[in-house]
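Residue strings, one per chain:
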Amino acid sequence: MAGLTQPQIEAALSGYHDPYLETDLISAGCVRDIRIDGPAIEVDIHLNYPSEYLKGGIAQVLQTSLENIDGCQSARVNITWEVEEHKSQSALEAIAGVKNIVAIASGKGGVGKSTTSVNLALALAKDGAKVGLLDADIYGPSQGIMLGIEEGTRPETIDNKWFVPVEAHGIKSMSMAYLVTESTPMVWRGPMVSGALMQILTQTQWGELDYLLIDMPPGTGDIQLTLSQKFPVSGAVIVTTPQDIALADARKGVEMFNKVNIPVLGMIENMSMHICSQCGHAEHIFGQDGAERLAETYQTKVLGSLPLSTYIRKQSDAGLPVVAADDCSEVSMMYRHAARRLAVTLATSETDQKIPDIQISDD
């Protein structure tokens, strides 16, 4: 009987189409090594997005495919993953230990940006990434409430200079809400707001993070410009609803990030559909496919679409966002799919990924 060959193994591996990379693992350059030992096969695969939750299932599918090859008695698939650093402005000084800064933005308020930010952060953490969340809405910080942080919680300090981020549900967070009382009005002019953002961002000991998500205030004002000019933001996500007026403002957000050379990784469409909890009737009350049309205009993509859901609202108000409450629920999986698409888009946004040579050895 003829021995196992590399073309046989590659053909079996290429039968698996990664839904986030949108190609097979051979074409994506994820297969690092193939080893043949008589009737036994061992394959090393490396993914460039957080895959802790997925890797066991992927390995099992690939193992089955390999063991279906004539002459194969056993197969082993080793999957590793790592988030690499990406910068859109390499000349700017990075924050120590933070690989990627992602701005979650919107052109206007009331589109669910903060809810999206916290659930994307939690989703990335559920897949194994080290994640931080900065609430940059100085005037109306809300992440403390959404994360269930007890009112009056203050971050610890180091040497009266550094803030220690507040941890909740597996992510690190920092917010102006942790530094002032709930009733304190933020009656500040633009320079003061930008200064506060700079202080919170640079004087927080984030530690090692794969992603720092920044929940931006609505609009295209001082905070957006400060962030883009002072820090190497890896990319931005635009949150909108299908409504025409929201899309008009989202367009301004895309234009702003384009002008400051920050790539728009994609869009999240909130409130895309309402499903009646009583009869199940589905209705596009804010319009339909608005984010898709806008994404086509700017040659980007829709990372995810979320329904107008009482469940999402209740869980956010209760301090237990849906991804933290039940990470396998239908709506939680929508956020998790969107977070993985975000991670993959960021991983492939700078340069075309070079496909490494696959090493094959007979032991």
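Refer to the structure printed above.
Predicted, not measured: the structure shown is a model, and the values here were computed from it.

A. Structural view of the nonpolar core. Ranked by internal contacts, the top residues of the largest apolar core, which has 110 residues, are Ile 45, Leu 47 and Leu 66. In this view, Ile 45 contacts Leu 25, Cys 30, Val 31, Leu 62, Val 77, Asn 78, Ile 79 and Thr 80; residues no more than four positions away in its chain are not counted.

B. View of the environment of Ile 69. The topology assignment puts Ile 69 in the loop between α2 (55-67) and β5 (74-81). Ile 69 sits 65 residues away from Leu 4 along the chain, and the two C-alpha atoms are 8.4 Å apart. Residues in contact with Ile 69, not counting those within four places in the same chain, are Leu 4, Gln 8, Ile 9, Ala 12 and Ile 41.

C. Local environment of the packing of helix α3 (residues 113-126) against helix α11 (residues 330-347). Remark: α3 packs on α11, axes separated minimally by 8 Å, with the N-to-C direction vectors making an angle of 75°. With respect to their mutual orientation, α3 and α11 come out roughly perpendicular. The segment α3 lies against α11, with Thr 115, Thr 116, Asn 119, Leu 120, Ala 123, Leu 124 and Lys 126 engaging Tyr 335, Arg 336, Ala 338, Ala 339, Leu 342 and Ala 343. When grouped by side-chain class, the residues that make up the contact of α3 with α11 number 8 nonpolar, 3 polar and 2 charged.

D. Main features of the packing of helix α7 (residues 244-259) against helix α8 (residues 290-297). Where α7 meets α8, the closest approach of the two axes is 10 Å, and the angle between their N-to-C directions is 25°. Regarding the angle of α7 to α8, the classification is roughly parallel. The interaxial crossing formed by α7 with α8 has right-handed handedness. Contacts between α7 and α8 involve Asp 244, Leu 247, Ala 250 and Arg 251 on the former and, on the latter, Gly 290, Ala 291, Arg 293, Leu 294 and Thr 297.

The rules we used
Residues numbered from 1 in each chain as written. Predicted model: local features only at pLDDT ≥ 70, side-chain atom pairs only at ≥ 80, totals over all residues. Heavy atoms only, no water. Core = buried A, V, L, I, M, F, W, Y, C linked by side-chain atoms within 4.5 Å. Buried < 20%, exposed > 50% of the residue type's maximum accessible area, 1.4 Å probe, protein only. Contact = heavy atoms within 4.5 Å. Helix = DSSP H or I, 4+ residues; strand = E, 2+ residues; numbered from the N terminus. Axes fitted to C-alpha atoms, helices over the stretch in contact; angles between N-to-C directions. Parallel < 35°, antiparallel > 145°, perpendicular 65-115°, else oblique. Nonpolar A, V, L, I, M, F, W, Y, C, P; charged D, E, K, R; others polar. Left-handed = near helix turned anticlockwise from the far one by under 90°.

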